[in-house]
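Overview (structure and organization)
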Amino acid sequence: MKPVNFDYERPRTIDEACELLASNSNARILAGGQSLIPMLSMRLSRPSLLIDIAHIKDLSEIVATDTHIEIGAMVRQAVAKNAKMIQEYIPLLSKALHHVGHPPTRARGTIGGSIAHADPSAEIALVAVTLGAEITYRVGDDDHMFDATEFFIGPMLTVAPPDGCLVKVGFPKTSKICGTGFYEVAPRRSDYALASAAAQINFDSKGAAKTIRVGVGSIGDFPERLDVDHLLNTDLNDESIIATVKTAITEIETVDDLHASAEYRKRVAAHLAVKALQTARDEVREAPAK
Amino acid sequence: MIQVSIEVNGKTVTAEVEPRLTLLDFIRDVAGLKGTHAGCEHGVCGACTVLVEGNAIRSCLVLAVQADEQEVISIEGVGGDLGRSGELSIVQDAFCEAHGLQCGYCTPGMVLVAEALLADTPNPTEGDIREAISGNICRCTGYVQIVEAVMLAADRLANRNYKSKPGQPSDQTLG
Ligand SMILES: Cc1cc2nc3c(=O)[nH]c(=O)nc-3n(C[C@@H](O)[C@H](O)[C@H](O)COP(=O)(O)OP(=O)(O)OC[C@H]3O[C@@H](n4cnc5c(N)ncnc54)[C@H](O)[C@@H]3O)c2cc1C
Ligand code: FES
Ligand code: FES
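So, here is what we can say about the structure in this document. For clarity, every value in this text was computed on a predicted model and none was experimentally measured.

1. A short note on the pairing of strand E7 (residues 142–147) of chain A
Residues and elements named next belong to chain A. Alignment of strand E6 (residues 134–139) against E7, held across 6 bridges, turns out to be antiparallel. When the bridges of E7 are listed, Ile-135 appears paired with Phe-146. Taking the residues that link successive antiparallel strands as the turn, the E6-E7 hairpin has 2 residues, and the phi of Gly-140 there is positive, at about 60°.

2. Quick look at the environment of Ile-242 of chain A
Residues and elements named next belong to chain A. Its location among the elements puts Ile-242 in helix H10 (residues 238–249). We classify Ile-242 as partly exposed; its relative accessible area is 40%. Here the alpha-carbon distance between Ile-242 and Lys-275, two residues 33 residues apart in the chain, equals 9.3 Å.

3. Regarding the interface of chain A and chain B
Contacts between chain A and chain B engage 31 residues on the former and 28 residues on the latter. Between chain A and chain B, a total of about 2,500 Å² is buried, with carbon and sulfur atoms accounting for 54% of that surface. Contact with chain B buries area across many residues of chain A, yet Pro-104, Arg-108 and Arg-189 of chain A alone supply 22% of it, more than any other trio. At the junction of chain A with chain B, the criterion picks out 4 salt bridges. The shortest N-O distance in the salt bridge between Asp-25 of chain B and Lys-2 of chain A comes to 2.7 Å. On inspection of chain A and its partner chain B, the count reaches 10 residue pairs in polar contact (both at pLDDT 80 or more). Contributions of two or more residues to the side of chain A that touches chain B are made by helix H2 (36–41), strand E3 (49–52) and helix H6 (103–108) of chain A. Examining the composition of the side of chain A that touches chain B, we find that 6 residues originate from one element, H6 of chain A, more than from any other. Here the residues of the side of chain A that touches chain B are counted per class, giving 14 nonpolar, 9 polar and 8 charged.

4. Some words on the site of ligand 1
The environment of ligand 1 is made up of 34 residues, and the closest members are Arg-28, Ile-29, Ser-35, Leu-36 and Thr-110 of chain A. Residues lining ligand 1 come from chains A and B. Between ligand 1 and the protein, one listed contact pairs an oxygen atom with a backbone N or O atom of Gln-34 of chain A at 2.7 Å. In the model, an oxygen atom of ligand 1 is placed 3.2 Å from a nitrogen or oxygen of the Gly-101 of chain A main chain. The fraction of the free accessible surface of ligand 1 (970 Å²) that becomes covered by protein chains is 95%. Of all the secondary-structure elements, those providing two or more residues to the shell around ligand 1 are strand E2 (27–30), helix H7 (111–117) and strand E10 (165–172) of chain A. With 4 residues, the top contributor of residues to the shell around ligand 1 is H7 of chain A. Per-class residue counts for the shell around ligand 1 are 13 nonpolar, 17 polar and 4 charged.

5. Things to note about the packing of H10 of chain A against helix H11 (residues 262–286) of chain A
Residues and elements named next belong to chain A. Running from N to C, H10 and H11 cross one another at 140°; their axes reach a closest spacing of 10 Å. Classified by the interaxial angle, the pair formed by H10 and H11 is oblique. The element H10 and its partner H11 pack so that their crossing is right-handed. Along its contact with H10, which presents Asp-238, Ile-241, Ile-242, Val-245 and Ile-249, the element H11 presents Lys-266, Ala-269, Ala-270, Ala-273, Val-274, Leu-277, Gln-278 and Arg-281. The residue makeup of the contact of H10 with H11, split by class, is 9 nonpolar, 1 polar and 3 charged.

6. As for the sheet that holds strand E1 (residues 7–9) of chain A
All names here are of chain A. As summarised here, the arrangement of the 3 strands in space is E1-E3-E2, forming an open sheet in which the pairing is parallel. Each edge of the sheet is formed by a strand with only one pairing partner; in this case those strands are E1 and E2. Each neighbouring strand pair of the sheet contributes to a mean axis angle of 25°, computed without reference to strand direction. When E1 meets E3, the two strands line up parallel, connected through 3 bridges. If you follow Glu-9 over to E3, its bridge partner there is Ile-51. Relative to the sheet, helix H1 (residues 14–23) contacts E1, E2 and E3, its axis offset from that of E3 by approximately 170°.

Criteria and thresholds
Residues numbered from 1 in each chain as written. Chains lettered and ligands numbered in written order. Predicted model: local features only at pLDDT ≥ 70, side-chain atom pairs only at ≥ 80, totals over all residues. Heavy atoms only, no water. Pairing = 2+ DSSP bridges. Helix = DSSP H or I, 4+ residues; strand = E, 2+ residues; numbered from the N terminus. Buried < 20%, exposed > 50% of the residue type's maximum accessible area, 1.4 Å probe, protein only. Contact = heavy atoms within 4.5 Å. Buried area = accessible area lost by both parts, 1.4 Å probe. Salt bridge = Lys/Arg side-chain N within 4 Å of Asp/Glu carboxyl O. Polar contact = N/O pair within 3.5 Å; in protein donor to acceptor, adjacent residues only side chain to side chain. Nonpolar A, V, L, I, M, F, W, Y, C, P; charged D, E, K, R; others polar. Near = heavy atom within 4 Å. Areas by Shrake-Rupley, 256 points an atom, 1.4 Å probe, with all protein chains shown as cover. Axes fitted to C-alpha atoms, helices over the stretch in contact; angles between N-to-C directions. Parallel < 35°, antiparallel > 145°, perpendicular 65-115°, else oblique. Left-handed = near helix turned anticlockwise from the far one by under 90°.

Right, here's the structure in full:
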């Protein structure tokens with residue numbers, strides 16, 4: 001279990017990282033290394049140059065704009081999990097981060113690395129798709145922005161430019177009154193999930209649901225949203241939630257593997273999506289407005 | 001080859017290394033400390049856990065070049081005075097007393113995740129402890145006595161009359 005040999009560079013700026021990427025077609029970015037280093041050790045990945053972006057200060061910032069919280073690609077998952085700004089404005093991500101690996105992998109693993117790696121069961125990717133996050137890559141001098149709902153196209157496959165460096169992920173801020181739910185089923189605590197679901201309901205000041213977003217992960221090649229707009233015209237009672245999720249999930253393609261059948265995964269995901277929506281609803285019905 | 005300088009248990013170890021050398025192999029083969037165990041070498045077992053800048057991390061998933069200029073504490077350094085006093089840390093002692101180990105292969109990793117947990121969370125619940133050790137595999141104990149050992153250590157740390165951090169001298173009286 002030893003990687004092949006490679007060169008190693010430690011750029012201080014995004015520009016330098018992009019120059020290095022452009023200089024070598026077999027270069028890879030090294031962020032937290034929690035997915036890349038296992039692939040190197042198993043020799044599934046044989047880059048000739050690793051570009052360690054941990055020393056680029058701009059990539060470790062969390063910035064609030066009027067509409068979004070922009071998380072730098074190199075923000076470690078443990079830092080994001082404890083960040084007050086994320087707990088307040090992207091509570092769904094805070095909930096999801098609890099399920100991402102274990103404390104030692106969160107201490108190293110990054111937000112950007114998880115998005116770029118695009119594991120079908122990645123919780124951060126599921127939240128990005130559910131909320132419609134904006135994913136920004138730098139190629140040379142140009143920024144390219146992608147809508148998370150169109151970014152993931154297969155297992156470990158995205159539409160990202162091969163010579164690009166992911167710089168930040170912008171998650172839309174919640175409305176003042178909002179409820180969230182995140183659930184997954186995994187063989188071991190915090191391990192990769194067999195099925196996962198995320199939900200967020202934004203309410204207006206009168207307590208009516210404005211937007212309802214639900215996504216499911218781990219069951220197909222990439223995380224996907226369920227179409228539940230039909231629920232906007234209901235009072236979010238259990239029957240309508242169950243019926244809407246049941247119909248919506250038939251549209252999702254699921255895959256088998258060693259651990260669980262496609263059939264089982266779909267059933268579990270539907271159950272988790274219902275539970276996530278119920279939790280999102282009940283958080284608001286029980287909690288006073290902010 | 002790249003020159004790196006890593007402070008291992010308070011002692012700076014400087015060497016020319018290949019970028020592909022993991023921190024695990026650096027600690028074992030360059031620093032010569034064999035207490036950090038190599039289990040799977042691809043991030044699933046936790047046997048290789050050490051503290052880097054105070055955080056428990058998997059040393060097989062960090063390259064030595066990434067740990068350049070950083071502080072590492074391995075199992076040899078958790079006892080009093082960075083392991084030099086010859087005394088076990090409270091956590092190590094609790095593992096012995098609660099029979100938190102059998103073959104001992106997972107133990108250095110288990111002790112270090114416990115040290116990291118207790119440094120941040122002095123009064124952990126059983127749930128906190130299970131979460132902290134969730135990434136570490138033990139094929140022998142069935143985990144129950146490991147959880148008991150960490151609870152015992154938390155209890156003793158809460159009731160001790162001196163303060164210490166992993167690797168620090170244990171003779172400072174609490175002010
Ligand atoms: C035991 C264990 C359990 C885990 N459990 C989970 C889990 O439950 N859920 C989960 O989602 N993940 C899990 N992971 C993986 C997670 O920890 C990783 O952090 C994440 O998948 C990758 O992030 P990273 O920062 O470590 O990226 P790296 O490993 O450094 O990189 C991963 C890939 O992304 C590319 N990349 C990284 N950053 C950029 C960038 N800025 N621009 C362009 N490309 C980039 C790299 O080139 C590489 O191809 C687990 C890992 C381990 C070892
Ligand atoms: S040897 Fe590092 S996790 Fe198994
Ligand atoms: S004591 Fe043998 S693996 Fe844990």
